[in-house]
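# Survey of secondary and tertiary structure
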Amino acid sequence: MKKFIRIMMICLISMEVHTCHSSSLTSKNTKTFQKYENSTTEITTYEADSGNCAEIWRTIDSSGFYESNPTYIDRANDTDSWSFSDPENQGMNSLVLDRGLDHLASNNTIYSALIIRNHAIVRERFYHNSAADHSNNIHSSSKSMFPALAAIAIEKGYINGFDQKIMDFFPEYASSFTGSKQNITVYDLLIMSSGLKWTEDVTEYEIEKEDDWVKAILDLDLEFEPGEEFRYCSGNTHLLSAILTKATGMSTCEFAHTYLFEPLGIDAEHWGRDPQKVYSGGYNLYMRPREMARYALLFLNDGQYNGEQIIPSWIVAESKEEVWDKHDVNSDYGYCPLWWRIVIDGYDILIGWGYGGQYMWIIPDLNIVTIITQNTKETDDQIDPVAFMKNYLIPSVK
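Residues numbered from 1 in each chain as written. Predicted model: local features only at pLDDT ≥ 70, side-chain atom pairs only at ≥ 80, totals over all residues. Heavy atoms only, no water.

### What about the state of the cysteines?
Considering all chains together, one arrives at one disulfide under this definition. Paired by a disulfide, Cys-53 and Cys-253 hold their sulfur atoms 2.1 Å apart. One quick way to see it: the torsion about the S-S bond of Cys-53 and Cys-253 is about -75°, and its sign makes the bridge left-handed. Of this pair, Cys-53 sits in the loop between strand E4 (43–49) and strand E5 (71–73) while Cys-253 sits in helix H7 (residues 252–264); the two residues are 200 residues apart in sequence, bridging distant segments of the chain. Look at Cys-53 and you get buried, because its relative accessible area is 9%. You can call Cys-253 buried: its relative accessible area is 0%. (Disulfide = S-S within 2.5 Å. Helix = DSSP H or I, 4+ residues; strand = E, 2+ residues; numbered from the N terminus. Buried < 20%, exposed > 50% of the residue type's maximum accessible area, 1.4 Å probe, protein only.)

What follows is the structure in structure tokens.
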């Protein structure tokens, strides 16, 4: 039996559903979430505020830099807000597409595959007991949402521009900005070029031992001059989250829901935060596949959704501009501001990419968005997305 601590209460929940009340909760804003234990048939059900950033951070069973990746259930039904179509009606060959989706099923960690063309869902598959209402950790795929959030902050006057020095936002950490660290800009964080000495999947576990993660990141030595080299660093995006909080006077969760998520019909089920209450920058954000798709579709529509300009058109264009080529990155992929980029069969593809196979693939020339999610609670066995695109998805429209 697990304990879930709420404001002014502790609620013990068993297999039977119990309703818990708090002065912070209102019935019209609550919805039921469930945590699925992948290794057992036990299901624990509990109430959480819908879009309540004061509650959304409460973790089930982890307190480190990264969480243990449980699955949440969001019973909200958004089917009526989507268009659905047969592949053939959108110029796609369903036989080729279905062969590819069947091939994905051979990976025992695959959760979902969602194919959208011309803004219509042409295929939506869920695997291994997953479902449309399952919300999982999208990991670093959420990094690709931070350029949009930073651009919104610029448009609203909270940030002067991408060239603003990050030390402007942290006067309390002035002693951390020694030497060339004073030259780190917001843009350097967006292109993974702060110069801070960081080894991904290693440094995080040192940072999590500290009481103040932002200070610990800023205190890291410089490995190279800001802006001169690519070095993937989740510390950069956590600093972006701290900057949004400092600049706007709102938590990153509140800012994102107010200006980006809610206008798109996105309601994150969980978002982690650090000991200083800074929301995780580019990790520990939980969404459903359709919610990921709502964001990705902005990049096929010049930042608009239902005729409303949600993010500035200039950030859509800038997000597609490769800053570091594959040689700079030492990879098959180039890097744009917090997006990956690859060319397959002559098509430019923009990619939000999270640990374990959380993907937003955007192919502007084909007007296609593909979302793929995988189980990262117990294993890491990523599909080969390039093979899927090259052998099935792109041929389905030829």
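### Considering empty space enclosed by the protein
Here the structure, examined in full by the defined rule, presents four cavities of 30 Å³ or more. Estimates place the volume of the second largest cavity at around 40 Å³. Contributing to the lining of the second largest cavity are Phe-146, Ala-150, Ile-159, Val-186, Leu-240, Ile-243 and Leu-244. Listing elements by their share of the lining of the second largest cavity, those giving two or more residues are helix H2 (146–155) and helix H6 (234–248). Residue contributions to the lining of the second largest cavity peak at three residues, all from H6. Class assignment for the residues of the lining of the second largest cavity results in seven nonpolar, no polar and no charged. (1 Å grid on protein atoms, 1.4 Å probe; cavity = no way out; pocket = protein on both sides within 12 Å on 5 of 7 lines; lining within 4 Å. Points joined across faces, edges and corners; volume = space filled by probe spheres on them. Nonpolar A, V, L, I, M, F, W, Y, C, P; charged D, E, K, R; others polar.)

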